[in-house]
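Below, each chain spelled out in residue letters.
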Amino acid sequence: MDSLSIWLDGEFVPEEEAAVSIFDHGLLYGDGVFEGIRAYEGTVFKLKEHIKRLYRSAKILKLEIPISPEEMKEAVLESCRENGVKNGYIRLVVTRGRGDLGLDPAKCDKPTIFIIAADIELYPEEAYEKGLKLVTVPTRRNLNEAINPRVKSLNYLNNIMAKMEAREAGAKEGIMLNQQGYVVECTGDNIFIIEDDKVVRTPPPYMGALEGITRATLMELAEARGYEVIEEPLNRYDLYVANECFLTGTAAEALPVIEIDGRKINGGVPGPETKQLISDFRDSVVEQGAKI
Ligand code: PXG
């Protein structure tokens, strides 16, 4: 791959020279926020929504982003143009900035902002055709009252712990429960089930999940197909007995689930209704973005 041009604090810098201070609190304390965004055929998928979530996450952390959402949007589009990205993956990061060796963010002079617009490593088509096996992991999702999972912060240790546990159990993704034992989401994806009579259910974000942008898109697409979409607490029982199950996320798009904790879903093959929704998603992505 050619060397990338990184947007760093307002300027394009070659990848080899793009660096942040070792005193940056994003590195020292995971103090910062980020977004992962996809580009499809020259449009950035739901860019406005991603930027809105970024500024909301920052607001919770009292992290004042020194440029406006409109300027941020332009910087993302410029990064795509500069790197010739038409189909790709964009990582947008805002850290607390350079501070000292104490955790007080008041000591940081100004936030660091960088944007990486790169090619995407796609999930193999096989994952969509065969579906995924999931396991429930022991690590519980962060408490709303501690680090709210609705904040997409640079502190992803909760998810990383869960990802390792899923891998060790031989699964590619892990289901995370909240402190009460309700299903909330996976380590980097939201979760949905399909039940009889065209009902789709997914856990509400207040239970401890990120408000996924792909999730919102799939909810709209399911409604357009005549499903009743219900956001309510789910437990493992609901998952095990569901007709179908799928995950949504920027990287995964929509992925069928075929087994959960050793219980087969839809006989161990991707369900027809899930396949229809995945196809609807793929048909709709290009219309839902900002033109590069
Ligand atoms: N839950 C969590 C915890 C996430 O991190 C999602 C749900 C899905 O949200 P979106 O808005 O993407 O539909 C995420 C998103 C990666 C990667 O490289 C992970 C995400 C996004 C992009 C890349 O694993 N997670």
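Residues numbered from 1 in each chain as written. Predicted model: local features only at pLDDT ≥ 70, side-chain atom pairs only at ≥ 80, totals over all residues. Heavy atoms only, no water.

Draft legend 1. The site of the ligand, seen in detail. Residues in contact with the ligand amount to 19 residues; listed here are only the nearest, Tyr 156, Glu 185, Ile 213, Thr 214 and Thr 250. The contact in question runs from an oxygen atom of the ligand to an N or O atom on the side chain of Arg 53, over 2.8 Å. Thr 214 places a side-chain nitrogen or oxygen 2.5 Å from an oxygen atom of the ligand. Relative to its unbound accessible area of 550 Å², the ligand is 84% covered by the protein chains. Taken atom by atom, the bulk of the ligand overlaps the largest pocket. Broken down by secondary-structure element, the contributors of at least two residues to the shell around the ligand are β5 (88-95), α6 (213-224) and β13 (244-249). For the shell around the ligand, the class distribution of residues is 4 nonpolar, 9 polar and 6 charged. Taken domain by domain, the makeup of the shell around the ligand includes at least three residues from each of domain 1 (5-118) and domain 2 (125-285). (Near = heavy atom within 4 Å. Polar contact = N/O pair within 3.5 Å; in protein donor to acceptor, adjacent residues only side chain to side chain. Areas by Shrake-Rupley, 256 points an atom, 1.4 Å probe, with all protein chains shown as cover. 1 Å grid on protein atoms, 1.4 Å probe; cavity = no way out; pocket = protein on both sides within 12 Å on 5 of 7 lines; lining within 4 Å. Sits in = over half its atoms within 2 Å of the grid points. Helix = DSSP H or I, 4+ residues; strand = E, 2+ residues; numbered from the N terminus. Nonpolar A, V, L, I, M, F, W, Y, C, P; charged D, E, K, R; others polar. Domains from an automatic or database assignment.)

Draft legend 2. Seen up close, the nonpolar core. Among the nonpolar cores identified, the biggest contains 26 residues, and Val 44, Leu 47, Leu 54, Ile 65, Met 72, Ile 90 and Val 94 are the most heavily contacted of them. With residues up to four places along the chain from it excluded, the contact list for Leu 47 reads Ile 37, Lys 73, Val 76, Leu 77 and Ala 290. In this structure, Ala 127, Val 183, Leu 234 and Tyr 240 belong to the second largest nonpolar core, which totals 21 residues. (Core = buried A, V, L, I, M, F, W, Y, C linked by side-chain atoms within 4.5 Å. Buried < 20%, exposed > 50% of the residue type's maximum accessible area, 1.4 Å probe, protein only. Contact = heavy atoms within 4.5 Å.)

Draft legend 3. Fine view of the side chain of Ser 79. Structurally, Ser 79 can be placed in helix α3 (residues 69-82). Of the residues examined, Ser 79 reaches a relative accessible area of 0% and is grouped as buried. Setting aside residues up to four positions removed in sequence, Ser 79 forms contacts with Trp 7, Phe 12, Ile 115 and Ala 117.

Draft legend 4. Just the packing of helix α2 (residues 47-60) against α3, in detail. The N-to-C vectors of α2 and α3 enclose an angle of 125°; their axes lie 10 Å apart at closest approach. As judged from the angle between their axes, α2 and α3 are oblique. Crossing handedness for the pair α2 and α3: right-handed. Mapping the contact onto sequence places Leu 47, Ile 51, Leu 54 and Tyr 55 in α2 and Pro 69, Met 72, Lys 73, Val 76 and Leu 77 in α3. Tallied by class, the residues present in the contact of α2 with α3 amount to 8 nonpolar, no polar and 1 charged. (Axes fitted to C-alpha atoms, helices over the stretch in contact; angles between N-to-C directions. Parallel < 35°, antiparallel > 145°, perpendicular 65-115°, else oblique. Left-handed = near helix turned anticlockwise from the far one by under 90°.)

Draft legend 5. Spotlight on a nonpolar patch on the surface. Taken together, the side chains of Leu 28, Tyr 29, Leu 101 and Leu 103 define a hydrophobic patch exposed on the protein surface, amounting to about 410 Å² of accessible area. Position of Leu 101 among the secondary structure elements: in the loop between β5 and β6 (112-118). (Patch = residues over 30% accessible without salt bridge, like charges linked within 9 Å, V, L, I, M, F, W, Y side chains within 5 Å. Salt bridge = Lys/Arg side-chain N within 4 Å of Asp/Glu carboxyl O.)

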